[in-house]
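Here is how the chains run, residue by residue.
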Amino acid sequence: MSEKAPPKIVTLLDQRTVRPSSASLVLGPRQRVVANGLLQDTLHRPLRDLRISVTDRCNFRCSYCMPKEVFNKDYPYLPHASLLNFEEITRIAKQFVAHGVQKIRLTGGEPLLRKNIEILIEQLSALRTVEGAPLDLTLTTNGSLLKRKAQALKAAGLQRITVSLDGLDDDVFRSMNDVDFPVAEVLEGIEAAREAGLGPIKVNMVVKRGTNDHEIIPMARHFKGTGVVLRFIEYMDVGATNGWRMNDVLPSAELVARLQAELPLVALEAASPGETAQRWGYADSHGKHDVHAGEVGVISSVTQAFCGNCNRARLSTEGQLYLCLFASQGYDLLSLIRGDASDADIASAIGRIWLGRTDRYSALRSAQDPSSDSGKRRVEMSYIGG
Ligand code: SAM
Ligand code: SF4
Ligand code: SF4
């Protein structure tokens, strides 16, 4: 009996992009790709990390991500029916895991706004890697609902958590989230996560020159020695709505120099091959890493591209697969999963898409000039997640 032909994969033009994309629909040979954990893209990058956006909605309006002027009451958020449900997410995630994914991060929008997110966490935490190990299952949140939810998230099987926090000064924080949300509640959320055993906790701070760069040292001092790993992220030109300018970026090299002047640091090895952050440990009086003081990380997405070992795929809220944070189009897995595709069909589709992956936006851009851009309309970060 002849084998069923693999389903056709259709690249989707994201509805939030304005310019039609001319990207090729050709995805390579039409033979079935069997998931065996050995998948590599055209640049020999494996597939290890899956970020799943569970909602495109958020209760914050950070100007670098969901500026109020654009994400207002008239913004066309996705209707509930077009969101992947939990069973669909888990079924797709399972095929990614069969291809070698070891880490899953839930994100958004604000993932804790998704109703009953604990049920999804429970389902995902039952998955096992190709080697039979539990997944590294984590979630990125703005922390606003964490105090209320930390225990339930841990009980559902979440291992650790990343909280975004752009400053300790209440006025700075309220103006950056642009909904007047107080910093104290996020700090209480971090405390609740610690008490629940969601560790190690990471805190992400997006740094914008002239807006919150004076909070770098206070943030470092606050978290030093607490076990929380603070990571500074260069403000990125993601999406098409944040009015990004190179002048607003504080390059990580400058940030590290500022830190060094106050709190001596030593460079640390990367924790894993696909690690996005460069690690710096607090130094003791002999210039060695003081493990009790801990470490910070810098994520230099703009000034030092790390595309060479980028092993991350992104699944949007409505089931489109994106191969890069800066992609302008996704691959439609939703219609596969809502059609008659088998698990092997879905795994094969994912395999073929990854085999054809060439994305390296940051590397190409910084090879020219970090402030230059391709001019392409890109998908918003709140839609595919950070
Ligand atoms: N709402 C959650 C949160 O804020 O943690 C999860 C989604 S958010 C899109 C994920 C991460 O992306 C956050 O740490 C946020 O600070 C970061 N982010 C959003 N826009 C960014 C930008 N333009 N540049 C750098 N990081 C950005
Ligand atoms: Fe919401 Fe997170 Fe984007 Fe801020 S960064 S607007 S909290 S999704
Ligand atoms: Fe990965 Fe794209 Fe970022 Fe490069 S620009 S590191 S390929 S997500």
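Refer to the structure printed above.
Thresholds, definitions, all that
- Residues numbered from 1 in each chain as written.
- Chains lettered and ligands numbered in written order.
- Predicted model: local features only at pLDDT ≥ 70, side-chain atom pairs only at ≥ 80, totals over all residues.
- Heavy atoms only, no water.
- Core = buried A, V, L, I, M, F, W, Y, C linked by side-chain atoms within 4.5 Å.
- Buried < 20%, exposed > 50% of the residue type's maximum accessible area, 1.4 Å probe, protein only.
- Contact = heavy atoms within 4.5 Å.
- Near = heavy atom within 4 Å.
- Nonpolar A, V, L, I, M, F, W, Y, C, P; charged D, E, K, R; others polar.
- Salt bridge = Lys/Arg side-chain N within 4 Å of Asp/Glu carboxyl O.
- Helix = DSSP H or I, 4+ residues; strand = E, 2+ residues; numbered from the N terminus.
- Axes fitted to C-alpha atoms, helices over the stretch in contact; angles between N-to-C directions.
- Parallel < 35°, antiparallel > 145°, perpendicular 65-115°, else oblique.
- Left-handed = near helix turned anticlockwise from the far one by under 90°.
- Arc of directions from axis to C-beta.

A. Spatial organisation of the nonpolar core. Within the largest apolar cluster, 113 residues are counted, with the highest numbers of intra-cluster contacts made by F96, I104, L106, I161, F232 and L259. In this structure I104 touches L50, I52, A93, V97, L124, L135, D136, L137 and T138, once residues within four positions along its chain are discounted.

B. Summary view of the site of ligand 2. Inspection of the region around ligand 2 gives C58, F60, C62, Y64, C65, M66, G109 and N142 as its neighbouring residues. When the residues that make up the shell around ligand 2 are grouped by side-chain class, the tally is six nonpolar, two polar and no charged.

C. Geometry of the pattern of salt bridges. Counting across every chain of the model gives 20 salt bridges. With its nearest N and O atoms 2.7 Å apart, the salt bridge here joins E88 to R338. A residue pair is termed long-range when its members are at least 10 positions apart, and E88 in helix α1 (residues 86-98) and R338 in the loop between α8 (334-337) and α9 (343-355) qualify at 250 residues. Here E88 falls in the buried class, since its relative accessible area comes to 12%.

D. Layout of the packing of helix α6 (residues 216-223) against helix α7 (residues 252-262). One can describe the packing of α6 onto α7 by two numbers: an axis separation of 10 Å at closest approach and a directional angle of 60°. Relative to α7, the element α6 lies oblique. For the pair α6 and α7, the sense of crossing is right-handed. Here α6 contributes I216, I217, A220 and R221 to the contact with α7, which in turn contributes L255, R258, L259 and E262. For the contact of α6 with α7, the class distribution of residues is five nonpolar, no polar and three charged.

E. Helix α3 (residues 146-156), seen in detail. Listed in full, the buried residues belonging to α3 are L146, K149, A150, L153 and A156. In a view along the axis of α3, the buried residues occupy a sector of 140°, so they form one face of it. Along α3, the residues that are exposed and aim more than 90 degrees away from the buried face are K147, R148, Q151 and A155. The inward-facing, buried residues of α3 contact α2 (117-125), β4 (136-141), β5 (162-164) and α5 (183-196).

Purely geometric stuff here, so don't read any function into it on its own.
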